[in-house]
Amino acid sequence: MCGIHDLTEKDLQPLTYTPAYLDKIKGMRFFDPHVHMTARTTDDYQAMADAGVVAIIEPAFWLGQPRTSVDTFRDYFSSLVGWERFRASQFGIKHYCTIGLNSKEANNEKLAEAVMEILPLFIYKEGVVGIGEIGFDDQTPLEEKYYRAQLELAREAGLPVQIHTPHRDKKKGTQRSMDIALEHGLEPHMIIVDHNNEETVKEVLDRGFWAAFTIYPFTKMGNERMVAVVKQYGSERIMVNSAADWGISDPLAVPKTAALMHESGIDLNDIHSVTYTNAVKAFAQSGQINEADFNIVGNIDQSEKFNGSTVLRGGQQPRIDKSTTIIR
């Protein structure tokens, strides 16, 4: 039997492994317009970059438990336009965000009022491409109150709106979200309705809104279902995202869905539209997106610092090979 002391240097060389789906999307570029990278690791950023993700949008979200102070929102919003933007750049990914009061925390009226006061301090900052994600969760009167207030902010600022549609009674909540947006004078082309499914997509598209789909394991939409949606409805005003967060989710959902679409015979132009172009078009209405900014991969210096911090730790080399069991 071979013991650890019998291993040679050759035995200790890292193993390499390339997921098969990457071959199907080689050379493609992807834009994930809804992913919560604050909850993800640098390994996720590296894997996304390796799979062709060049840009992302991180919507303001909740933490899994309620915040208790407006200052926690202030710090969170600051991180979205600061540290997280820098962290993404260290892996060749352009980071944008949408800023807003999420629907779950809109039900704390005292805190919601305080958050509404600070939102104008953030929505005009560099990298903010919309108000979001906002809308309904339990479809309460307070959720509607602050949804309407934030639609007014978006209208005044000329920014797109990223709508979170509810998990429960989705069709009714989606219809209600669109109706209220129109009441406030927003044009459908400025509204990205997210978390669609087969029950909502037709009406969203028929009314002229953008229809975003979240590819999320065991809930929302699986990517096989997404393939069927694109085959039925085409690619106009449809976009795919991962919505990866602190729960069980996959930040590679967009490139994996592109690979499955390619395997399923969907035209490459349609794949490009739903995994890249449409997100650019929708959120470029903010005036914040320039595709030339996506060409930063060759200029990465991971020793750069943001407020004194880097993504490296004392003497650490920039890249870790995740495919090997050996950590050097």
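Quick caveat: nothing in here was measured; it's all calculated off a predicted structure.

Student: Describe the nonpolar core, and please don't skip the residues or the numbers.
Tutor: Formed by 79 residues in total, the largest nonpolar core has its most connected members in F77, I99, M226 and M261. Once you skip the residues sitting within four places of it in the chain, I99 turns out to touch A60, F77, L80, L119, F122, I123, V128, G130, I131 and G132.

Student: So what about unusual backbone geometry? Which residues, and what values?
Tutor: Cis geometry is found at the peptide bond from G132 to E133, where omega equals -10°. Residue position: E133 is located in strand β4 (residues 128-135). Within the chain, H195 stands out as a residue other than glycine whose phi angle is a positive 60°. Along the chain, H195 falls in the loop between β6 (191-194) and α8 (201-206). Its relative accessible area of 5% is what places H195 among the buried residues. With a phi close to 60°, R237 is a non-glycine residue in the positive phi region. When you line up the elements, R237 lands in the loop between α9 (223-233) and β8 (238-241). By relative accessible area, which is 21% here, R237 ends up partly exposed.

Student: So what about the sheet that holds β8? Which residues, and what values?
Tutor: Adjacent strands of a sheet pair through backbone hydrogen bonds, lying either parallel or antiparallel. Strand order in this open sheet of eight strands is β1-β2-β3-β4-β5-β6-β7-β8, and the pairing throughout is parallel. One side of each edge strand has no neighbouring strand; the edge strands of this open sheet are β1 (30-32) and β8. When the angles between neighbouring strand axes are averaged without regard to direction, this sheet yields 25°. Relative to β4, strand β3 (residues 94-99) runs parallel, the two being bridged by three bridges.

Student: Which residues make up the pairing of β4, and what values do they have?
Tutor: Counting buried residues along β4, eight of its eight residues qualify, which places the element largely inside the surrounding structure. Where β4 meets strand β5 (residues 161-164), four bridges bridge the pair, whose relative direction is parallel. The residue of β5 that forms the bridge with G135 is H164. Each parallel crossover has a hand, and for β4 linked through helix α6 (residues 141-157) to β5 it is right-handed.

Student: Go over the pattern of salt bridges with me, naming the residues and quoting the values.
Tutor: Taken as a whole, this structure holds 20 salt bridges when the rule is applied. Between K145 and E109 there is a salt bridge, with its nearest N and O atoms 2.9 Å apart. Separated by 36 residues along the polypeptide, K145 in helix α6 and E109 in helix α5 (residues 109-118) bring together distant segments of the chain. Taking relative accessible area as the criterion, E109 reaches 37% and is therefore assigned partly exposed. Here R207 and E203 are joined by a salt bridge, their closest N and O atoms 3.2 Å apart. E203 sits in the partly exposed class, given a relative accessible area of 27%. Several salt bridges share partner residues, and in doing so they unite K104, D137, D138 and R168 into one network.

Student: Residue-level account of α9, with values.
Tutor: Turning to α9, its buried residues number three or more, namely M226, V227, V229 and V230. Each buried residue of α9 lies within a common arc of 160° when the element is viewed along its axis, so the set occupies one face. Opposite its buried face, α9 presents the exposed residues E224, K231 and Q232, each directed more than 90 degrees away. Along its buried surface, α9 packs onto β7 (210-214), β8, α10 (253-263) and α11 (268-283). Trailing α9 by a residue or two, G234 shows a phi angle of about 80°, which is positive.

Student: So what's going on with helix α3 (residues 70-81)? Residues and values would help.
Tutor: An α-helical turn contains 3.6 residues, so any two residues separated by three or four positions project in the same direction. For α3, with 12 residues, the first-to-last C-alpha span of 17 Å sits near the 16 Å given by 1.5 Å per residue. V70, F73, Y76, F77, L80 and V81 are the residues of α3 that are buried. When α3 is viewed along its axis, its buried side chains cluster within an angular range of 130° and face the same direction. Among the structural elements, β2 (53-59), α4 (83-89), β3, α5 and β4 are those in contact with the buried residues of α3. Its side-chain oxygen at 3.1 Å from the backbone nitrogen of D71, S69 defines the N-terminal cap of α3.

Each value, and the rule that gives it
- Residues numbered from 1 in each chain as written.
- Predicted model: local features only at pLDDT ≥ 70, side-chain atom pairs only at ≥ 80, totals over all residues.
- Heavy atoms only, no water.
- Core = buried A, V, L, I, M, F, W, Y, C linked by side-chain atoms within 4.5 Å.
- Buried < 20%, exposed > 50% of the residue type's maximum accessible area, 1.4 Å probe, protein only.
- Contact = heavy atoms within 4.5 Å.
- Helix = DSSP H or I, 4+ residues; strand = E, 2+ residues; numbered from the N terminus.
- Pairing = 2+ DSSP bridges.
- Axes fitted to C-alpha atoms, helices over the stretch in contact; angles between N-to-C directions.
- Right-handed = clockwise from strand over helix to strand, strands pointing away.
- Salt bridge = Lys/Arg side-chain N within 4 Å of Asp/Glu carboxyl O.
- Arc of directions from axis to C-beta.
- Expected span 1.5 Å × (residues − 1).
- Polar contact = N/O pair within 3.5 Å; in protein donor to acceptor, adjacent residues only side chain to side chain.

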